[in-house]
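# Structure at a glance
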Amino acid sequence: MPDAPEGRKHEVLQLFKDWHHPIPALIESTEQSTIMKNDARDRQPLERWGQGRVTLLGDAAHPITPNVGQGACMAIEDAACLVKSVLAAPSMAAGFGAYEAMRRRRTASVGRQSRQIGAIGQWQNRWMVSGRNFVTRLVLSRTAEMRLNAVYAYEA
Ligand SMILES: Cc1cc2nc3c(=O)[nH]c(=O)nc-3n(C[C@H](O)[C@H](O)[C@H](O)COP(=O)(O)OP(=O)(O)OC[C@H]3O[C@@H](n4cnc5c(N)ncnc54)[C@H](O)[C@@H]3O)c2cc1C
């Protein structure tokens, strides 16, 4: 996303102007050129993460937007499943295949949830934002909690 015409520092100050001390003061005292800005990106799930004795793990296999705070958790689960699969398999290649089969669906599902939540969180229309906030407060917080509990209940 391009910077606002007023500059990156002004944009950050606007976003955090109502935060508690010393957040706005810290931003104020920061040199604009040192403020780093990276877009958060994911991608459609891959069909395959590797071949033979090569496979991927973590963000390299399945980058996930940060909206559900699960990217690193998925990488740690991958590692646990990778060890389990390799130890139980007759060869490294078979273990990697079993690991991918075990992990693809879950990581794709968490990635999808994160993207959906991110899309809703970034609505700009004033009425849609009010409606979203109202409904979230009244009805959806329990539903969201249940969905996240399903994520947390996973046994690697
Ligand atoms: C704003 C934000 C908030 C987040 N919040 C959460 C959260 O609350 N909870 C959560 O679980 N996850 C969170 N994540 C996601 C999490 O940071 C990533 O999913 C996680 O770091 C992925 O780990 P990784 O080991 O797969 O990849 P990385 O952490 O990217 O590690 C890859 C490493 O490989 C190195 N590397 C790259 N190329 C080479 C090379 N050619 N040779 C040698 N080294 C190389 C890189 O320098 C890097 O150190 C967040 C991400 C963002 C951006």
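Residues numbered from 1 in each chain as written. Predicted model: local features only at pLDDT ≥ 70, side-chain atom pairs only at ≥ 80, totals over all residues. Heavy atoms only, no water.

### Quick look at the pattern of salt bridges
Under the criterion given, the structure shown has nine salt bridges. One salt bridge in this structure joins Lys 37 and Glu 11, with 3.9 Å as the shortest N-O distance. Remark: Glu 11 occurs in helix α1 (residues 8-16) and Lys 37 occurs in the loop between α2 (23-28) and α3 (71-88); sequence separation between them is 26 residues. For Lys 37, a relative accessible area of 27% translates into the label partly exposed. With a closest N to O distance of 2.6 Å, Arg 103 and Asp 78 form a salt bridge. Taken as a pair, Arg 103 in helix α4 (residues 92-121) and Asp 78 in helix α3 lie far apart in primary sequence, 25 residues in all. Each of the two residues, Arg 103 as well as Asp 78, counts as buried. One connected set of salt bridges, linked through shared partners, spans Asp 3, Arg 8, Glu 11 and Lys 37. (Salt bridge = Lys/Arg side-chain N within 4 Å of Asp/Glu carboxyl O. Helix = DSSP H or I, 4+ residues; strand = E, 2+ residues; numbered from the N terminus. Buried < 20%, exposed > 50% of the residue type's maximum accessible area, 1.4 Å probe, protein only.)

### Considerations on the packing of aromatic side chains
Counted by the stated rule, this structure contains two aromatic pairs. An angle of 70° between the planes, with centres 4.8 Å apart, marks the rings of Phe 16 and Trp 19 as edge-to-face. Judged by relative accessible area, Phe 16 falls into the partly exposed class, the value being 27%. For the ring pair Trp 49 and Tyr 99, a centre distance of 5.7 Å and an interplane angle of 65° mean the geometry is edge-to-face. Separated by 50 residues along the polypeptide, Trp 49 in the loop between α2 and α3 and Tyr 99 in helix α4 bring together distant segments of the chain. (Phe/Tyr/Trp six-rings, centres within 6.5 Å; stacked < 30°, edge-to-face > 60°.)

### Looking at the layout of surface pockets
Empty space within the largest pocket amounts to approximately 600 Å³. Contributing to the lining of the largest pocket are 15 residues, with Met 1, Glu 11, Leu 15, Lys 37 and Asn 38 lying nearest its centre. Here the lining of the largest pocket is composed, by residue class, of eight nonpolar, three polar and four charged. (1 Å grid on protein atoms, 1.4 Å probe; cavity = no way out; pocket = protein on both sides within 12 Å on 5 of 7 lines; lining within 4 Å. Points joined across faces, edges and corners; volume = space filled by probe spheres on them. Nonpolar A, V, L, I, M, F, W, Y, C, P; charged D, E, K, R; others polar.)

### Let's talk about the site of the ligand
In the vicinity of the ligand, the contacting residues are Gly 58, Asp 59, Pro 66, Gly 69, Gln 70, Gly 71, Ala 72 and Cys 73. Relative to its free-state accessible area of 1000 Å², the ligand is covered by the protein chains to the extent of 29%. Counted by class, the shell around the ligand contains three nonpolar, four polar and one charged residues. (Near = heavy atom within 4 Å. Areas by Shrake-Rupley, 256 points an atom, 1.4 Å probe, with all protein chains shown as cover.)

### Remarks on unusual backbone geometry
Cis geometry is found at the peptide bond from His 21 to Pro 22, where omega equals 5°. Along the chain, Pro 22 turns up in the loop between α1 and α2.

### Quick look at the environment of Ile 64
Its location among the elements puts Ile 64 in the loop between α2 and α3. Along the backbone, Ile 64 and Met 92 are 28 residues apart, and their C-alpha atoms lie at a distance of 27 Å. Discounting residues that sit within four places of it in the chain, Ile 64 has contacts with Asp 42, Met 74, Thr 107, Val 110, Gly 111 and Ser 114. (Contact = heavy atoms within 4.5 Å.)

### With respect to the nonpolar core
If you look at the biggest cluster of nonpolar residues, it comprises six residues: Trp 49, Ala 61, Cys 81, Leu 82, Phe 96 and Tyr 99. Listed by contribution, the elements that provide at least two residues to this core are α3 and α4. Of all hydrophobic cores here, the second largest spans five residues; its members include Val 68, Met 74, Val 110 and Val 151. (Core = buried A, V, L, I, M, F, W, Y, C linked by side-chain atoms within 4.5 Å.)

### Some details on a nonpolar patch on the surface
On the surface, Phe 134, Val 135, Leu 138 and Val 139 cluster together to form a nonpolar patch covering roughly 390 Å² of accessible area. Relative to the assigned elements, Val 139 resides in helix α5 (residues 126-152). For Val 139, a relative accessible area of 51% gives the class exposed. (Patch = residues over 30% accessible without salt bridge, like charges linked within 9 Å, V, L, I, M, F, W, Y side chains within 5 Å.)

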